[in-house]
Structures are given as structure tokens and as C-alpha cells.
Amino acid sequence: MKNKVNVFKTTEIDFERIKNLAYEAGLTKTEFIIRSCLNKKIVHIDDLKENYIQLKRIGNNINQLARLSNMGKLEIVNLDEVQQSLSLCLDTLVSIQERIQ
């Protein structure tokens, strides 16, 4: 339980920098300062949002193709573009994993 209060003074420039760095890392200022002081990892990942959106689109497309196939409206489907998109998403995830390890 967090029950201790720490107060410290900074310059306006340092205050803004800490605030911006915390925002970019997706953390509160308190959590950012604690992690920084205790040498804990601070991981900032921008790539995940776009990757998530792309994976949702691919999943929706595959579901639509499966539904059409089950209805007998499709027999042959070219999934080259889907494979390329999945490969790009995988490359992004591998790159992110390498950065945070």
C-alpha cells in the first residue's frame, strides 16, 4: 500500500520533461518517477496499436471468407495478401520483443 508522500522541487523545464516522458511511456508521473529511481524497466511501445488494428482487420476478413465458404459461395481463395499482412505483424511483434528484452 502506498502511504508515504515524497515532495521534491524541479525546474519548470524538468517538470515538463518528466510529465512528457511519463505520458509517452503511458505511465502516471508517480509511476514513471518510481520506476526511474528504482532502475525498473520503462518500455514505450508505439507499434502495438497499429499492429492490433491490422490484426483485427485480418481476423474480420478471414471470418468473412470462412462464412462465405461455409455458405458455399466460395471455393478457392487467394490468401497471399493476408499472409503478407500477417508476416508484417509478426515482424513488428518480434521487433518489439527484442527491444524489451
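In case you missed it, the structure is sitting above this.
These figures come from a predicted structure and were not determined experimentally.

**Focus: helix 1 (residues 12-25)**
Now for step 1: Between its first and last C-alpha, helix 1 extends 20 Å over 14 residues, near the 20 Å set by a 1.5 Å rise per residue.
Now for step 2: A positive phi of about 75 degrees marks Gly26, the residue just after helix 1.

**As for the packing of helix 1 against helix 2 (residues 29-37)**
Now for step 1: Taken N-terminus to C-terminus, the directions of helix 1 and helix 2 make an angle of 95 degrees; their axes are 9 Å apart at the nearest point. With respect to their mutual orientation, helix 1 and helix 2 come out roughly perpendicular. Each of Phe15, Ile18, Lys19, Leu21, Ala22 and Ala25 in helix 1 lies in contact with helix 2, whose residues at this interface are Lys29, Phe32 and Ile33.
Now for step 2: Here the residues of the contact of helix 1 with helix 2 sort into seven nonpolar, no polar and two charged.

**Considerations on a nonpolar patch on the surface**
Now for step 1: A surface patch of nonpolar side chains, amounting to about 360 Å² of accessible area, comprises Leu48, Leu55, Ile62, Leu86 and Leu93.
Now for step 2: Within the residue set of the nonpolar patch, elements represented by two or more residues are helix 3 (47-70) and helix 4 (80-100).
Now for step 3: When residues in the nonpolar patch are grouped by element, the largest group, three residues, is from helix 3.
Now for step 4: With respect to the element layout, Leu93 can be found in helix 4.
Now for step 5: With relative accessibility at 35%, the residue Leu93 sits in the partly exposed group.

What counts, and at which threshold
- Residues numbered from 1 in each chain as written.
- Predicted model: local features only at pLDDT ≥ 70, side-chain atom pairs only at ≥ 80, totals over all residues.
- Heavy atoms only, no water.
- Helix = DSSP H or I, 4+ residues; strand = E, 2+ residues; numbered from the N terminus.
- Expected span 1.5 Å × (residues − 1).
- Axes fitted to C-alpha atoms, helices over the stretch in contact; angles between N-to-C directions.
- Parallel < 35°, antiparallel > 145°, perpendicular 65-115°, else oblique.
- Contact = heavy atoms within 4.5 Å.
- Nonpolar A, V, L, I, M, F, W, Y, C, P; charged D, E, K, R; others polar.
- Patch = residues over 30% accessible without salt bridge, like charges linked within 9 Å, V, L, I, M, F, W, Y side chains within 5 Å.
- Areas by Shrake-Rupley, 256 points an atom, 1.4 Å probe, with all protein chains shown as cover.
- Salt bridge = Lys/Arg side-chain N within 4 Å of Asp/Glu carboxyl O.
- Buried < 20%, exposed > 50% of the residue type's maximum accessible area, 1.4 Å probe, protein only.

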